[in-house]
Amino acid sequence: VEPNILTPVKATQPVMLTSTKTSDTFGAEKEVSVGIGTAATVSITLDRLVAKLVVNSTDVFPNDCTNITLNFQEHRTLSWATMDVTEAVNNQRVVDVTNLRGTTGTVLSYFVLAPKDGYQTDITLTTNRTEGNPYSTITVYDVPLERNKVTTITGSLYNHQQGFSIQVNDAWNSEGNDINI
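Description of the structure in this document. The residue numbering used here restarts from 1 in each chain and proceeds along that chain's sequence as written. Given that this is a predicted model, residues contribute local features only at a pLDDT of at least 70 and side-chain atom pairs are listed and counted only at 80 or more, while totals for whole chains, interfaces and linings are drawn from all residues. The basis for every side-chain value is the complete set of non-hydrogen atoms in the structure, without hydrogens or water.

1. Side note on the pattern of salt bridges
- By definition, a salt bridge exists where a carboxyl oxygen of Asp or Glu is found within 4 Å of a side-chain nitrogen of Lys or Arg. Taken as a whole, this structure holds three salt bridges when the rule is applied.
- Note that Arg93 is salt-bridged to Glu74, the shortest N-O span being 2.4 Å. With a gap of 19 residues between them, Arg93 in strand E6 (residues 84-96) and Glu74 in strand E5 (residues 65-79) connect regions that are remote in the sequence.
- Note that Lys149 is salt-bridged to Glu146, the shortest N-O span being 3.3 Å. What counts as a helix is a DSSP run of H or I of at least four residues, what counts as a strand is a run of E of at least two, and both are numbered from the N terminus.

So, in structure tokens, the structure goes:
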């Protein structure tokens, strides 16, 4: 649909909101009948159509960091007839973080179109540097994204320790089971 053009909207005509343009978005659908020569007051409440994804880095952004990429399934088509999203695609969001070098506790926010019932997706975060391999690639599984709700992922993005670690707790619990016979 072209902006500022009067276009008849049909139930089958979707609107595309690309990732770079999706922001806090509201909408509603309501059938309204207006008679000729009659005054009518119609009240419509617009509901939020997006989820907010917040990535909270708890460590210092290094001096050679460049960007953070997020890869996940994202809904990108909205039906005007139902005000619900109609398809999900693999998408990548890239954020330039060079201006955050040396800062701590930085929050990055994203708005994501979400179906009425919400959905879950795996999100892979990659922290890139000027040269060489990324600092880290972290996958967070089954991240819930729901309309009008904030989902926050918090942790160390640059000093994230990957691998497998096992510790054995060999201390006996001081509370035992005493049985008298």
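2. Examining a nonpolar patch on the surface
- Patch membership is restricted to residues that have no salt bridge and whose relative accessible area is over 30%. Joining uses 9 Å for like charges and 5 Å for the nonpolar side chains Val, Leu, Ile, Met, Phe, Trp and Tyr. We get accessible surface area from the Shrake-Rupley algorithm with a probe of 1.4 Å; when it comes to residues, only the shown protein chains can shield them. Judged by side-chain polarity, Phe26, Val32, Val34, Val42, Ile44 and Leu46 come together as a nonpolar surface patch covering roughly 540 Å² of accessible area.
- Following the sequence through the fold, Phe26 ends up in strand E2 (residues 26-27).
- Only protein chains enter the accessibility calculation, which uses a 1.4 Å probe; a residue is then buried when its area is under 20% of its type maximum, exposed when over 50%, and partly exposed in between. Given the relative accessible area of 42%, Phe26 is considered partly exposed.

3. Some thoughts on the nonpolar core
- What is meant by a nonpolar core is a set of buried Ala, Val, Leu, Ile, Met, Phe, Trp, Tyr and Cys residues, joined one to another through side-chain atoms within 4.5 Å. Residues Ile68, Leu70, Val97 and Ile123 are the most contacted members of the largest nonpolar core, which totals 23 residues.
- Per-element accounting of this core gives the leading share, four residues, to E5.
- Leaving out residues up to four positions away in the same chain, Ile123 has contacts with Leu53, Leu70, Asn71, Phe72, Ile138, Thr139, Val140, Val143 and Ile153. Contact between two residues is taken to exist if any of their heavy atoms lie within 4.5 Å; hydrogens are not considered.

4. Focus on unusual backbone geometry
- Of note, the phi angle at Asp142 is positive, near 50°, even though the residue is not glycine.
- On the secondary structure map, Asp142 appears in strand E9 (residues 136-145).
- Residue class for Asp142 comes out partly exposed when judged on its relative accessible area of 49%.

5. Observations concerning the sheet that holds strand E4 (residues 50-57)
- One requirement defines pairing of two strands: DSSP has to find at least two bridges between them. Overall, mixed pairing links the three strands, which are arranged E7-E4-E10 in an open sheet. The outermost strands of the open sheet, each flanked by one partner alone, are strand E7 (107-113) and strand E10 (150-155). Strand-to-strand twist across the sheet, computed as the mean angle between neighbouring axes with direction ignored, equals 15°.
- One ladder, built from six bridges, connects E4 with E10; its direction is parallel. By the bridge assignment, Lys52 is partnered in E10 with Val150. Simply put, an axis is a line fit to the C-alpha atoms, just over the touching stretch for a helix, and the angle between two N-to-C directions goes from 0 to 180 degrees.

6. Here we look at the packing of aromatic side chains
- By convention, a stacked pair of Phe, Tyr or Trp rings (six-membered ring in the case of Trp) has centres within 6.5 Å and planes under 30 degrees apart, an edge-to-face pair has planes over 60 apart, and any other such pair is tilted. Scanning all chains against the criterion turns up two aromatic pairs.
- The interplanar angle of 80° and the centroid separation of 5.2 Å between the aromatic rings of Tyr135 and Tyr158 together place this pair among those described as edge-to-face. Of the two residues, Tyr135 is situated in the loop between strand E8 (119-129) and E9 and Tyr158 in the segment after E10; the sequence distance between them amounts to 23 residues.
- By relative accessible area, which is 24% here, Tyr135 ends up partly exposed.
- Counting every residue linked through ring pairs, the aromatic cluster contains Phe61, Tyr135 and Tyr158.
- By definition here, charges over rings are those cases where NZ of Lys or CZ of Arg is within 6 Å of the ring centre and within 35 degrees of the ring normal. Across from the ring centre of Tyr135, 3.7 Å away, lies the NZ or CZ of Arg129, which sits over that ring.

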